[in-house]
Amino acid sequence: LKDLVRKKLHTLNHRYLVLIDLSYDSDASREFEIETISLFTDELNYQGLHLGGTRRPDGIFFKDTNGVIVDTKAYSEGYNLPIPQADEMIRYIEENKNRGTLNPNFWWEHFDNRINSFSFLFVSSEFRGHFRENIQYIKDRTNYNGGVISAKNLLLFAEKVHSGELNYTDSFDKLRCNDEIIIA
């Protein structure tokens, strides 16, 4: 898989191919979180940061008026986005919307004040099962659009953004598809 992706990366730093390995290694969850957010912030020049830890998403990234709440899931057999994880994302979205005192770590304060369009993103090795229904469940409960993306497709997405083939505005639109994001 890495060899196939490597052939399609012409401008993106190949060090990020490690995301494929990390996405399949449940013992490398934290490193997967860190490297995923690094791809967005260090390589693609979105603003954002790795958060992780208790009661906060794995990370966020944003540019201009668009922001994304990110949750990474390293699973060797693929990820089906079970209801408990969908509910956890709903909680993050509600905390971001309400910006109250229910969560004492105030993770949402890291978003720029100009952001008025938010979405969610799950990143994993691959997706299986009823993930589409649970993406729709999140959308129905929060009115936030979002999606899921495999590490392979994330790298292909990043190549398109990095090369300029996909501009920042269109990149956010692609991430709000309420489905699996596939990059040809």
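Residues numbered from 1 in each chain as written. Predicted model: local features only at pLDDT ≥ 70, side-chain atom pairs only at ≥ 80, totals over all residues. Heavy atoms only, no water.

S.K.: Just give me the short version of the overall build of the chain, but keep the residues and values in it.
M.R.: On a plain count of helices and strands, the chain comes out with seven helices and six strands. Along the chain, from the amino end to the carboxyl end, the secondary structure elements read α-α-α-β-β-β-α-β-α-β-α-α-β. At 15 Å, the chain has a C-alpha radius of gyration in line with the 16 Å of a compact globule built from 184 residues. Seen through its C-alpha atoms, the chain measures out along the principal axes to roughly 45 × 35 × 25 Å. Counting the 184 residues in the chain, one finds 51% classified as buried. In the chain, once contacts between residues fewer than 6 apart in sequence are set aside, the share between residues at least 24 apart is 68%. Accessible area of the chain: about 8500 Å², with a carbon and sulfur share of 44%. (Helix = DSSP H or I, 4+ residues; strand = E, 2+ residues; numbered from the N terminus. Rg over C-alpha atoms; globule rule 2.2 N^0.38 Å. Buried < 20%, exposed > 50% of the residue type's maximum accessible area, 1.4 Å probe, protein only. Contact = heavy atoms within 4.5 Å. Areas by Shrake-Rupley, 256 points an atom, 1.4 Å probe, with all protein chains shown as cover.)

S.K.: I'd like a description of helix α7 (residues 168–175), backed by residues and values.
M.R.: Quick reminder: α-helices carry 3.6 residues per turn. Residues three or four places apart thus point the same way. Among the residues making up α7, those that are buried are Ser-171, Phe-172 and Leu-175. Projected down its long axis, α7 shows its buried positions confined to an angular sector of 95 degrees, all on one face. (Arc of directions from axis to C-beta.)

S.K.: So what about the packing of aromatic side chains? Which residues, and what values?
M.R.: Geometrically, a pair of aromatic rings is defined through the distance of the ring centres and the angle of the planes. Counted under the stated rule, the structure contains 18 aromatic pairs. Relative to Tyr-168, the ring of Tyr-46 lies with its centre 5.0 Å away and its plane at 85 degrees, an arrangement referred to as edge-to-face. You can see Tyr-46 sitting in the loop between α3 (29–43) and β1 (47–50) and its partner Tyr-168 sitting in helix α7, a full 122 residues away along the chain. Here a set of aromatic residues connected by ring pairs shows up, and it is made of Phe-62, Tyr-92, Phe-106, Trp-107, Trp-108, Phe-111, Phe-118 and Tyr-144. One Lys or Arg, Arg-15, reaches over the ring of Tyr-16 and ends 4.2 Å from the middle of that ring. If you follow Lys-63 out to its NZ or CZ, it ends over the ring of Tyr-168, 4.5 Å from the centre. (Phe/Tyr/Trp six-rings, centres within 6.5 Å; stacked < 30°, edge-to-face > 60°. Lys NZ or Arg CZ within 6 Å of the ring centre and 35° of its normal.)

S.K.: Outline the sheet that holds strand β4 (residues 117–124), listing residues and values.
M.R.: An order of β1-β2-β3-β4-β5-β6 is seen for the six strands of this open sheet, with the pairing classed as mixed. Here the strands that pair on one side only, and so sit at the sheet edges, are β1 and β6 (179–180). Pairing of β4 with strand β5 (residues 145–150), which is carried by six bridges, proceeds in the parallel orientation. Residue pairing for β5: Phe-120 is matched across the bridge by Gly-146. Across the face of the sheet, α3 comes into contact with β1, β2 (59–63), β3 (66–73) and β4 while running at roughly 170 degrees to β1. (Pairing = 2+ DSSP bridges. Axes fitted to C-alpha atoms, helices over the stretch in contact; angles between N-to-C directions.)

S.K.: With reference to specific residues and values, describe the nonpolar core.
M.R.: Residues Phe-61, Leu-121 and Phe-157 are the most contacted members of the largest nonpolar core, which totals 34 residues. Contributing elements (two or more residues each) for this core: α2 (18–23), α3, β3, β4, α6 (151–163) and α7. Examining the composition of this core, we find that seven residues originate from one element, α6, more than from any other. Residue contacts for Phe-157: discarding those within four places in its chain leaves Phe-40, Tyr-46, Ile-149, Leu-166, Ser-171, Lys-174, Leu-175 and Ile-183. Ile-60, Ala-86, Tyr-92 and Phe-131 belong to the second-largest nonpolar core, a separate cluster that totals 24 residues. (Core = buried A, V, L, I, M, F, W, Y, C linked by side-chain atoms within 4.5 Å.)

S.K.: How would you sum up the side chain of Thr-142? Please name residues and give values.
M.R.: Relative to the helices and strands, Thr-142 is located in helix α5 (residues 131–142). Within polar-contact distance, the side chain of Thr-142 engages the backbone nitrogen of Tyr-144 at 3.1 Å. (Polar contact = N/O pair within 3.5 Å; in protein donor to acceptor, adjacent residues only side chain to side chain.)

Without other data, these values stay purely geometric and don't point to any function.
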